[in-house]
Amino acid sequence: MSNKNATPVRARFAPSPTGLTHLGSARTALYDYLIAKQTGGQFVLRIEDTDQKRFDPKAEEDLTNSLKWLGLQWDEGIEVGGQYAPYRQSERKEIYQKYARQLIEQGDAFYCFCSAEKLEETRQAQQKNKENIRYDGTCRHLSLEEADQRIANGEPYVVRFKMPYEGTTTITDFVRGEISFDNQYLDDYVLVKSNGLAVYHLAAMVDDHLMNITHVFRGEEWLPTSPLHVRIYEALGWEQPIWVHLSLFLKPRELGKGKLSKRDTEKMKEALGTSFFIMDLKEMGYIPEGIINWVAMMGWSYDDKSDFFTLAELVEKFSIEKLNPSAVALDFKKLDYFNAKHIRELSVEDLAQRIKPFFLKAGIDASDEILLKITPLIQERLTTLNQAVEKAKFFFKDDIELSLEKLQESKWDLAATLIYTKAAYELIKKTDDLSQDALNQPLRDLAKEMGVKPGMLFASVRNAVTGERQTPPLFETMQIIGKEKVLERLEKAITLLES
RNA sequence: GCCCCUAUCGUCUAGGGGACCAGGACGUAGCCCUUUCAAGGCUAAGACCGGGGUUCGAAUCCCCGUAGGGGUACCA
């Protein structure tokens, strides 16, 4: 499966545990996984938990559950370990401090003692005077001795990167090419916070280098700060990874035009009956194959004809050359399409096991034996797994609820329904074989005899036996229900119609 | 405000100067198949944001608008 000609890629997925794992994360992780597997490299999972304020203790479990469920097992990282451990940034504090100190001693960074209030003041003044908003440089030229002395005196401080005032910084993004930034618009970004913890800009760069990451897949929102990242790599004398900035997801067209806000992710459930979060999607009956295929094709393409792929096929076909830079609007209709199509590709045994939990959750104790029988009947009718319950629940009920409304088709009256049902009942009673081969023709002959359309008899039987208007093919359905129960239900319907 | 990215059917996209009166997929509409619902088959409607260049020739290259998005935090 792996591409022997390519050098092994080490790609990392490095989310911050601040919320539930969503489709955007899933796509980034997928691409990391694909490129690593394709080249015989490693997919690394690192946790960027440097922001204690936004930390969500439930996020990490949701993350590992989501990734595992999607089939994106990582080779290195939290849980599984690896030679570059630890893989949680909160456990790597000293490492970042060491490099921060090196940067300072080299003159590429400096200790800054400016207060938040003072910073805010200069910002406002700059805004008022229409100057570039950036750090005013107060602490930039403090001597190391003086800075160390002030730190020893207990003054609070941060570490800032010393961004040049002139010239440009260029980053090479694999999907967009070279992008240049004027340094005058860049800032002396904070690298280490006053609590001693590094921010993303330092921590991620140090980790990516130390962990030998060759390709960095991340969202386009990182483009504006990428010159800082380039500068950090250069200052430390390291070779840059290949930067791959992925397009952003926009809100579904049904919700309007434009960016995907938190409000939109909340609205998805009520307005579209869907969700932005992986574990929600699982609960709604989407399967990993469907979600993987769908997100893979958002911002990436293979050729002008094919778009239906399994994870294994994606590993084989994926290429960063075909990545698309423009933002994409989520289209859940297409998710439905991919999901349904992948459900149809599943083996009966596999699908039966996957729909089982949905029956259990609905309070239906579905045995494997019956599940295996009904699965072929509903397989091509499912868009999501949970629909199996609605479509097949009548197989499991000892006593389906019948009503005149359910029995009567709008096209004819109750008296006619009674006649059709009775006639069909008599016919079915006479045979032990409920198969299509045995019953189809006799039922049609009977309809002809009665001078009615076959559909009328079919519908009457369907309504009485299943209590549903839309079901899998009648004869297979009746075979599974069994003659005894079929007759029982027909009798009940007749009694009801006679009353 | 300033900086950066992006711009082909409603949506996802193919296209990287002539092969394009722009191809595929989802969705939509119609027809066929059919005992219902699906699945499947066929057909249809549907796009190169605008304006300038460059060129014999531009969806493709350049510039300017416009629009959408991102950033502008001791968040990631």
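Just so it is clear, the structure is predicted and the values come from calculations on it, not from any experiment.

Participant: Which residues make up the packing of aromatic side chains, and what values go with them?
Facilitator: Both the distance between ring centres and the angle between the ring planes are used here to describe each pair of aromatic rings. All chains considered together, the criterion is met by 19 aromatic pairs. Here the aromatic rings of Tyr111 and Tyr157 are separated by 5.2 Å at their centres, their planes lie at 85°, and the arrangement is edge-to-face. Of this pair, Tyr111 sits in strand E4 (residues 109–112) while Tyr157 sits in the loop between helix H5 (144–152) and strand E5 (158–161); the two residues are 46 residues apart in sequence, bridging distant segments of the chain. Plain terms: the ring middles of Phe359 and Phe396 are 5.2 Å apart, the flat faces sit at 55° to each other, and that makes the pair tilted. With Phe359 in helix H13 (residues 348–361) and Phe396 in helix H15 (residues 387–396), the pair connects residues that are 37 residues apart, well separated along the chain. When its relative accessible area of 0% is taken as the criterion, Phe359 is described as buried. Under the relative-accessibility criterion, Phe396 is labelled buried at 17%. A connected cluster of aromatic rings, assembled from ring pairs, spans Tyr31, Trp300, Tyr302, Phe309 and Phe318. If you follow Arg160 out to its NZ or CZ, it ends over the ring of Tyr135, 4.2 Å from the centre. The residue whose ring lies beneath Lys341 is Phe308, and the NZ or CZ to ring-centre distance is 4.9 Å.

Participant: I'd like a description of the pattern of salt bridges, backed by residues and values.
Facilitator: Tallied over the full model, the rule gives 32 salt bridges. As a salt-bridge pair, Arg354 and Glu289 come within 2.7 Å of each other at their nearest N and O atoms. Remark: Glu289 occurs in helix H10 (residues 288–296) and Arg354 occurs in helix H13; sequence separation between them is 65 residues. Look at Glu289 and you get partly exposed, because its relative accessible area is 23%. For the salt bridge of Lys393 with Glu390, the shortest nitrogen-to-oxygen distance reads 3.1 Å. Highlighted residues: Lys393 and Glu390, both in helix H15, separated by 3 residues, approximately one helical turn. For Lys393, a relative accessible area of 17% puts it in the buried group. Taking the relative accessible area as the measure of exposure, Glu390 reaches 49% and is therefore partly exposed.

Participant: Would you mind going over the protein's contact with RNA strand B in detail, with residue names and values included?
Facilitator: Inspection of the region around RNA strand B gives 60 residues, with Thr50, Asp51, Glu380, Arg381 and Arg444 positioned closest. Near the protein, within 4 Å, the atoms of RNA strand B are sugar or phosphate in 72% of cases. Within the side chain of Gln436, an N or O atom sits 3.3 Å from a base oxygen of RNA strand B. Here a sugar or linking oxygen of RNA strand B sits 3.3 Å away from a polar atom, N or O, in the main chain of Arg469.

Participant: Mind laying out the side chain of Thr50, listing which residues take part and the relevant values?
Facilitator: For Thr50, the position within the fold is in the loop between strand E2 (42–45) and helix H2 (59–70). Ignoring anything within four residues of it in the chain, the contact list for Thr50 reads Gln89, Lys193, Leu197, Ala198, Tyr200 and Ala203.

Participant: Tell me about the sheet that holds strand E8 (residues 190–192), and name the residues and values.
Facilitator: Pairing is antiparallel in the open sheet, where 3 strands are placed in the order E4-E5-E8. The strands lining the two open edges of the sheet, one partner per strand, are E4 and E8. When the angles between neighbouring strand axes are averaged without regard to direction, this sheet yields 40°. Judged from the 2 bridges that link them, E5 and E8 form a sheet pairing that is antiparallel. Looking at E8, one finds that Arg160 is bridged to Val190. Helix H3 (residues 93–106) rests against E4, E5 and E8 of the sheet, and its axis sits at about 105° to E4.

Participant: Can you lay out the pairing of E4 for me, pointing to particular residues and giving the numbers?
Facilitator: Here E4 shows a buried face lined by Ala109 and Tyr111 and a second buried face lined by Phe110 and Cys112. Where E4 lies against E5, 4 bridges are found, and the strand directions are antiparallel. From the neighbouring strand, Ala109 faces E5, where its bridge partner is Phe161.

Participant: Got a sec to walk through the environment of Lys448? Specific residues and values, please.
Facilitator: Summarising the element assignment, Lys448 is placed in helix H18 (residues 436–450). Overall, Lys448 belongs to the exposed group, its relative accessible area being 71%. Considered as a pair, Lys448 and Ser66 are 382 residues apart in the sequence and their alpha carbons are 57 Å apart.

Participant: An account of the pairing of strand E6 (residues 168–173) is needed here, citing residue identities and associated values.
Facilitator: On E6, burial follows the alternation: Thr169, Ile171 and Asp173 on one face are buried, whereas Thr168, Thr170 and Thr172 on the facing-out side are not. Looking at chain direction, E6 and strand E7 (residues 177–182) are connected through 6 bridges and run antiparallel. From the neighbouring strand, Ile171 faces E7, where its bridge partner is Ile179. Counting the residues between successive antiparallel strands, the hairpin from E6 to E7 contains 3 residues.

Cut-off values and rules
- Residues numbered from 1 in each chain as written.
- Chains lettered and ligands numbered in written order.
- Predicted model: local features only at pLDDT ≥ 70, side-chain atom pairs only at ≥ 80, totals over all residues.
- Heavy atoms only, no water.
- Phe/Tyr/Trp six-rings, centres within 6.5 Å; stacked < 30°, edge-to-face > 60°.
- Helix = DSSP H or I, 4+ residues; strand = E, 2+ residues; numbered from the N terminus.
- Buried < 20%, exposed > 50% of the residue type's maximum accessible area, 1.4 Å probe, protein only.
- Lys NZ or Arg CZ within 6 Å of the ring centre and 35° of its normal.
- Salt bridge = Lys/Arg side-chain N within 4 Å of Asp/Glu carboxyl O.
- Near = heavy atom within 4 Å.
- Polar contact = N/O pair within 3.5 Å; in protein donor to acceptor, adjacent residues only side chain to side chain.
- Contact = heavy atoms within 4.5 Å.
- Pairing = 2+ DSSP bridges.
- Axes fitted to C-alpha atoms, helices over the stretch in contact; angles between N-to-C directions.

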